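# Understanding the architecture of this molecule
Okay, here's what each chain looks like letter by letter:
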Amino acid sequence: MLVLPPGIRHFPGFLDETGQKSLLADIRAAVKDAPLYVPTMPRSGKPMSVRMTNCGPLGWVTDKEHGYRYQDTHPVTGKPWPPIPDRLLTLWDEISGYRHPPEACLVNFYSSDAKMGLHQDRDEREFSAPVVSVSLGDACLFRVGGRNRSDKVVSFRLESGDALVLGGEGRLAYHGVSRIYPGTSGLLKNGGRINLTLRRVNPPGAP
Ligand SMILES: O=C(O)CCC(=O)C(=O)O
Ligand SMILES: [Mn+2]
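Parameters at a glance
- Sequence order as written defines residue numbering, which begins from 1 separately in each chain.
- Think of it this way: whatever chain is written first is A, whatever ligand is written first is 1, and the rest follow in order.
- The model is predicted, so local features are restricted to residues of pLDDT at least 70 and side-chain atom pairs to those at 80 or more, both for listing and for counting; the totals for chains, interfaces and linings are taken over all residues.
- Calculated side-chain values reflect all of the structure's heavy atoms, with hydrogen atoms and water omitted.
- We define a nonpolar core as any set of buried Ala, Val, Leu, Ile, Met, Phe, Trp, Tyr and Cys residues linked to one another through side-chain atoms lying within 4.5 Å.
- Residue burial is assigned from relative accessible area. The probe radius is 1.4 Å, only protein chains are included, and a residue is buried under 20% of its type maximum, exposed over 50%, and partly exposed in between.
- The contact definition used throughout considers only heavy atoms, calling two residues in contact when any of these lie within 4.5 Å.
- The rule for donors is simple: an N, O or S atom within 2.8 Å of the metal counts, and for Na, K and Ca the reach is 3.2 Å. Water is not among the atoms, so a site may look short of donors.
- Only DSSP runs of H or I reaching four residues or more are called helices, and only runs of E reaching two or more are called strands; each is numbered from the N terminus.
- Pairing of N or O atoms within 3.5 Å defines a polar contact, subject to two protein rules: one partner must be a possible hydrogen donor and the other a possible acceptor, and residues neighboring in sequence count only if both atoms are side-chain atoms.
- Within this document, salt bridges are pairs made up of a side-chain nitrogen of Lys or Arg and a carboxyl oxygen of Asp or Glu, the two lying within 4 Å of each other.
- This arc is built from the directions going out from the helix axis to the C-beta atoms.

### Side note on the nonpolar core
Judged by nonpolar contacts, the single largest core of 26 residues is most densely connected at Leu-23, Leu-88, Cys-105, Ile-194, Leu-196 and Leu-198. Dropping the residues within four chain positions of it, Leu-23 is found in contact with Leu-15, Arg-87, Leu-88, Val-134, Leu-136 and Leu-196. In this structure, Ala-114, Phe-142, Val-144 and Val-154 belong to the second largest nonpolar core, which totals 25 residues.

This is how it looks when you write it as structure tokens:
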């Protein structure tokens, strides 16, 4: 049996098909307001293979000039991000173990050849809140290790409807997506994978 590193919790099939369809409808509505765009890497300006947008008071963005950060507006439209769908706030309450709501929901869209290199989520000021993510659409091969890049990494599939928590000792675990498995879900008409990542950015009461 696969043993996950400390602080990493996987909830296979957390959302049933009805729940996945409802959440997808919420995300489609948000994407109409806040379109997916191609983020670029700090300094090199290299485009990421994943397309992104956000919901919530804050959104995670990156570009060549200003690097990784949170901001309250969409970098292309200049508008505030749409709100985080209620069903994601409920899911956060059910599994995060954190008393305050998330401030950012990053929406990642992976086409069949997209991936995400091994990295830590460390642009937040509040590491006592976990990172909670939900997968929709095609399955992927997810990798997760420990706080050091050289720590042992385990790989497993995330399927549509799965939830994942990186919390406690696992909050700063290195993780990434090595590949998408095309044709493994009928949820998205044209295939691909959506990942929704909920994060608390600031400690409660912070200015
Ligand atoms: O797509 C995923 O499952 C992980 C996404 C991720 O790690 C991130 O956006 O920071
Ligand atoms: Mn991440």
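### Things to note about the coordination of the manganese ion (ligand 2)
On the protein side, the manganese ion (ligand 2) has His-119 (NE2), Asp-121 (OD) and His-175 (NE2) as donor atoms, found 2.1 to 2.2 Å from it. Spacing between the donor residues of the manganese ion (ligand 2) along their common chain follows H-x1-D-x53-H. Taking relative accessible area as the criterion, His-119 reaches 21% and is therefore assigned partly exposed.

### Points about the side chain of Asn-54
Topologically, Asn-54 is positioned in strand E2 (residues 51–55). A relative accessible area of 1% means that Asn-54 is categorised as buried. Within the local environment of Asn-54, its side chain forms a polar contact with the backbone nitrogen of Trp-60, the two atoms lying 2.9 Å apart. With residues near it in sequence (within four places) discarded, Asn-54 still touches Ala-34, Gly-59, Trp-60, Val-61, Trp-81, Pro-82, Cys-105, Leu-106 and Val-107.

### Section: the pattern of salt bridges
Counted according to the given criterion, the structure contains nine salt bridges. Glu-17 serves as the salt-bridge partner of Lys-21, at 3.2 Å between the closest nitrogen and oxygen. Taken together, the residues span about one helical turn, with Lys-21 and Glu-17 both in helix H1 (residues 17–33) at a distance of four residues. A salt bridge links Asp-121 to Arg-199; the shortest N-O distance between them is 2.9 Å. With Asp-121 in the loop between strand E6 (116–119) and strand E7 (131–137) and Arg-199 in strand E12 (residues 193–199), this residue pair connects regions lying 78 residues apart in the sequence. Each member of the pair, Asp-121 together with Arg-199, is buried.

### Regarding helix H2 (residues 86–95)
Of the positions making up H2, those classed as buried are Leu-88, Leu-91, Trp-92 and Ile-95. Buried residues of H2, viewed axially, fall in a sector of 105 degrees; they line one side. In H2, the exposed residues that point more than 90 degrees away from the buried face are Asp-86, Asp-93 and Glu-94. Against strand E1 (8–11), H1, strand E5 (104–110), E7, strand E10 (163–166) and E12 lie the buried residues of H2. A positive backbone phi angle near 70 degrees is found at Gly-97, which sits one or two residues after H2.

### Overview of the environment of Pro-57
Position of Pro-57 relative to the elements: it lies in the loop between E2 and strand E3 (59–61). For Pro-57, a relative accessible area of 54% gives the class exposed. Here the alpha-carbon distance between Pro-57 and Glu-103, two residues 46 residues apart in the chain, equals 5.7 Å. The contacts of Pro-57, once residues within four sequence positions are left out, are Gln-71, Asp-72, Trp-81 and Glu-103.

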